[in-house]
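Chain by chain, the residues:
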Amino acid sequence: DGGITQSPKYLFRKEGQNVTLSCEQNLNHDAMYWYRQDPGQGLRLIYYSQIVNDFQKGDIAEGYSVSREKKESFPLTVTSAQKNPTAFYLCASSILGASPLHFGNGTRLTVT
Amino acid sequence: KQEVTQIPAALSVPEGENLVLNCSFTDSAIYNLQWFRQDPGKGLTSLLLIQSSQREQTSGRLNASLDKSSGRSTLYIAASQPGDSATYLCAVRPPNTGNQFYFGTGTSLTVIP
């Protein structure tokens, strides 16, 4: 079955540590996205990529980094520079153009 | 910048009732609008996608309409069931924004048996 796999489902880290969230898709989609979701707020875009080896900052990119070395993979690193990293992180993908957005099941990150 | 609003933030209805969820956006220039469902602790599941040239889309008990000129979309759920309880989000895709989507904050729906 085609889809988007995010791992792990839950992640716990100590403050000051970098952590990488995995996102893999087998939908052959060109575009991939990372969103952050906090209670009472809409989804906010962190980074997106439309093609391998290229990506753009979203609205809240500070303290995050990404890479897109393969079409199917778009890992997100939450660095120690991110002031409030505890959140639910969602990865998504789509075909370029006016096509629907597909989501993974998310990773809940807790930093203490 | 495009802003998307969903009112009410929460809605509780008895089972069997028909209901309407609202989504409004500030800039009528959009490629499409998508409705999603999110269960607690889960990702978003796509329900319906309406292209800018369309007025509505239907899937089973769901019907979504789009009025670009007024910046509004509605999601109609017929004969609601307890299994419909979830948060419903809408997202719009403007042109010339590098494939970005803008999301509303969602409406949390509870269907009471």
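Overview of the structure.

Rules of the game
- Residues numbered from 1 in each chain as written.
- Chains lettered and ligands numbered in written order.
- Predicted model: local features only at pLDDT ≥ 70, side-chain atom pairs only at ≥ 80, totals over all residues.
- Heavy atoms only, no water.
- Contact = heavy atoms within 4.5 Å.
- Salt bridge = Lys/Arg side-chain N within 4 Å of Asp/Glu carboxyl O.
- Polar contact = N/O pair within 3.5 Å; in protein donor to acceptor, adjacent residues only side chain to side chain.
- Helix = DSSP H or I, 4+ residues; strand = E, 2+ residues; numbered from the N terminus.
- Pairing = 2+ DSSP bridges.
- Core = buried A, V, L, I, M, F, W, Y, C linked by side-chain atoms within 4.5 Å.
- Buried < 20%, exposed > 50% of the residue type's maximum accessible area, 1.4 Å probe, protein only.
- Axes fitted to C-alpha atoms, helices over the stretch in contact; angles between N-to-C directions.
- Disulfide = S-S within 2.5 Å.

1. Details of the interface of chain A and chain B
- The interface of chain A with chain B comprises 27 residues on the first partner and 24 residues on the second.
- Seen at the junction of chain A and chain B, the total is 0 salt bridges.
- Linking chain A with chain B are 3 residue pairs in polar contact (both at pLDDT 80 or more), by the criterion used here.
- Of all the elements in the fold, those that place two or more residues in the side of chain A that touches chain B are β4 (31-37), β5 (44-51) and β9 (87-94) of chain A.
- At 4 residues, β4(A) tops the list of elements feeding residues into the side of chain A that touches chain B.

2. Things to note about the sheet that holds strand β3 (residues 19-25) of chain B
- With antiparallel pairing, the 5 strands of this open sheet are ordered in space as β1-β3-β8-β7-β6 (chain B). Both edges of this open sheet fall to β1 (4-5) and β6 (56-59) of chain B, since each of them pairs with a single strand only.

3. Some points on the nonpolar core
- L33(B), W35(B), L75(B) and I77(B) are the most contacted members of the largest nonpolar core, which has 23 residues in total.
- In contact with L33(B), other than residues within four places in its own chain, are C23(B), F25(B), L48(B), L49(B), I50(B), L66(B), S73(B), C90(B), A91(B) and V92(B).

4. Overview of the sheet that holds strand β3 (residues 19-25) of chain A
Residues and elements named next belong to chain A.
- Ordered by their spatial adjacency, 4 strands build an open sheet running β1-β3-β8-β7, and the pairing between neighbours is antiparallel. Looking at which strands have only one partner, the edges of the open sheet turn out to be β1 (4-7) and β7 (64-66). Pairwise comparison of adjacent strand axes, ignoring direction, gives a mean angle of 20° for this sheet.
- As paired strands, β7 and strand β8 (residues 76-78) are joined by 3 bridges and run antiparallel to one another. What sits directly across from Y64, in β8, is V78.

5. Regarding the side chain of D84(B)
Residues and elements named next belong to chain B.
- When you line up the elements, D84 lands in the loop between β8 (72-77) and β9 (86-93).
- Among the polar contacts listed, one links the side chain of D84 to the side chain of R61, at a separation of 2.8 Å.
- Aside from chain neighbours lying at most four places away, what touches D84 is R37, R61, I77, L109 and V111.

6. A short note on the state of the cysteines
- Within the structure shown, the criterion is met by 2 disulfides over all chains.
- Residue C23(A) pairs covalently with C91(A) via a disulfide, S to S 1.8 Å. Its torsion about the S-S bond being -75°, the disulfide of C23(A) and C91(A) is classed as left-handed. One end of the pair, C23(A), is in strand β3; the other, C91(A), is in strand β9, and 68 residues separate them in sequence.
- Overall, C23(A) belongs to the buried group, its relative accessible area being 1%.
- The residue that forms a disulfide with C23(B) is C90(B), at a sulfur-sulfur distance of 2.0 Å. Residues C23(B) and C90(B) are joined by a disulfide whose S-S torsion is about 80°; by sign, that bridge is right-handed. Placement of the pair is C23(B) in strand β3 and C90(B) in strand β9, with a sequence separation of 67 residues. Like C90(B), C23(B) is buried.

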